[in-house]
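Residues per chain, in single letters:
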Amino acid sequence: MVKQNEIRPPLIVYSFDELLELEIPKRQYLLSPWLQSQGLCMIYSTRGYGKTWIALEIAYTVASGGQFLSWEAENPAGVLYIDGEMALIELQERALKIDMRESKELKAPLKFLTRDAQEGNFPNLSTIEGQEQIESLINDEIKLVVLDNHSTLFRSGKEDESDSWLPIQNWLLSLRSLGKSVLLIHHAGKSGKQRGTSRREDVLDTVITMKRPTGYKAQDGACIEVYFEKNRALYGDDVKPFEARLESNTNDDGIKTLSWTCKSLEDSTFDTVCALANEGLGNSEIAQELEIHKSTVSRYVKRGKEEGTI
């Protein structure tokens, strides 16, 4: 930010021909196919749906390389994870579970800034002072900044006022101009949409929302449906919704580990239809239970019988 009495640098303007002749490095993927270098992204959902789990897994995958769900990190990059809510012991426990499952050597820095670890006040990222504190932690190695979550990190202004978002938006854009990507974790409101002003989505490249499957029961565990609500330059199979499930397993040493599975929403619905049909429910009952069209149920039941699933 330019201070009072400080000389502003001249604005840079390109002609059309100059723009065409610019040699601009192509954007790389930190996590293909949706999280690009200099990308501004958001994941949101209702409380308790596993946003932080997903965010931690993404941060670990970006720093170590490899795959998470259907997304892949081919070129590991440094990550700064900023958590404004979770107890430090819980953050450690989740990190340990990820490390036990993957046991991979990090190929790039993965650093954490948490509220519990601070002796003084935690930065308010709605303010210039707070933003400058964070910028002091972002060196050349850090390519992704994860902000978990909006309501605990940006503590000034009102969520439903678009003008309160402008200082935050300007900061995110400044991080992008420095070559950084930002993943913002946010809550959904009672309507199921992201909480607060819709203006928040204007500058974002990608917006992902997570929902519970229709007919979800608590005993189903951590099961979510992942939808791309906004996506730039993504098409076809890359943005098809899918189901992700976090499952608990016991290894040969009797130690419990966690693992993720994912499958297309179509395959998930097919499996559920077959399960309900095997329980004796008719097509109309299944359609009502899953809130889908009866013709869809009929198609899946026919397929299930042909494949021997029903």
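In short, a report on the structure. Since we're looking at a predicted model, the values are computed, not measured.

Moving on, we come to the nonpolar core. Judged by nonpolar contacts, the single largest core of 41 residues is most densely connected at Trp-34, Ile-58 and Trp-71. Ranked by residue count, the leading element in this core is helix α2 (residues 51-64), at nine residues. Apart from residues no more than four positions distant in its own chain, Trp-34 is found in contact with Tyr-29, Cys-41, Ile-43, Ile-58, Trp-71, Leu-183, Thr-206, Ile-208, Phe-228 and Leu-234. Judged by nonpolar contacts, the second largest core, of 26 residues, contains Leu-113, Ile-142, Trp-171 and Leu-175.

This part is about helix α4 (residues 128-135). Among the residues of α4, those classed as buried are Gly-130, Gln-131 and Ile-134. Within α4, the buried residues cover an arc of 100 degrees as seen down the axis, which keeps them to one side. The inward-facing, buried residues of α4 contact β6 (78-83), β7 (110-114) and α6 (162-177).

On to the packing of aromatic side chains, then. By the definition in use, this model includes seven aromatic pairs. Their ring planes at 75 degrees and their centres at 5.2 Å tell us that Trp-34 and Trp-71 sit as a pair that is edge-to-face. In this pair, Trp-34 is assigned in the loop between β1 (29-31) and β2 (35-36) and Trp-71 in strand β5 (residues 71-73), connecting sequence segments 37 residues apart. The pair Trp-34 / Trp-71 is uniform in exposure class, with both members buried. For Trp-71, a relative accessible area of 2% gives the class buried. In this structure an aromatic cluster arises from ring pairing among Trp-34, Phe-68, Trp-71, Phe-242 and Trp-260. Sitting over the face of the ring of Trp-165, Arg-200 holds its NZ or CZ atom 5.2 Å from the ring centroid. Residue placement shows Lys-211 over the ring face of Tyr-227; its charged tip is 4.9 Å from the ring centre.

Quick notes on the rules
- Residues numbered from 1 in each chain as written.
- Predicted model: local features only at pLDDT ≥ 70, side-chain atom pairs only at ≥ 80, totals over all residues.
- Heavy atoms only, no water.
- Core = buried A, V, L, I, M, F, W, Y, C linked by side-chain atoms within 4.5 Å.
- Buried < 20%, exposed > 50% of the residue type's maximum accessible area, 1.4 Å probe, protein only.
- Helix = DSSP H or I, 4+ residues; strand = E, 2+ residues; numbered from the N terminus.
- Contact = heavy atoms within 4.5 Å.
- Arc of directions from axis to C-beta.
- Phe/Tyr/Trp six-rings, centres within 6.5 Å; stacked < 30°, edge-to-face > 60°.
- Lys NZ or Arg CZ within 6 Å of the ring centre and 35° of its normal.

In short, the description is geometric, and any link to function would need to be established separately.
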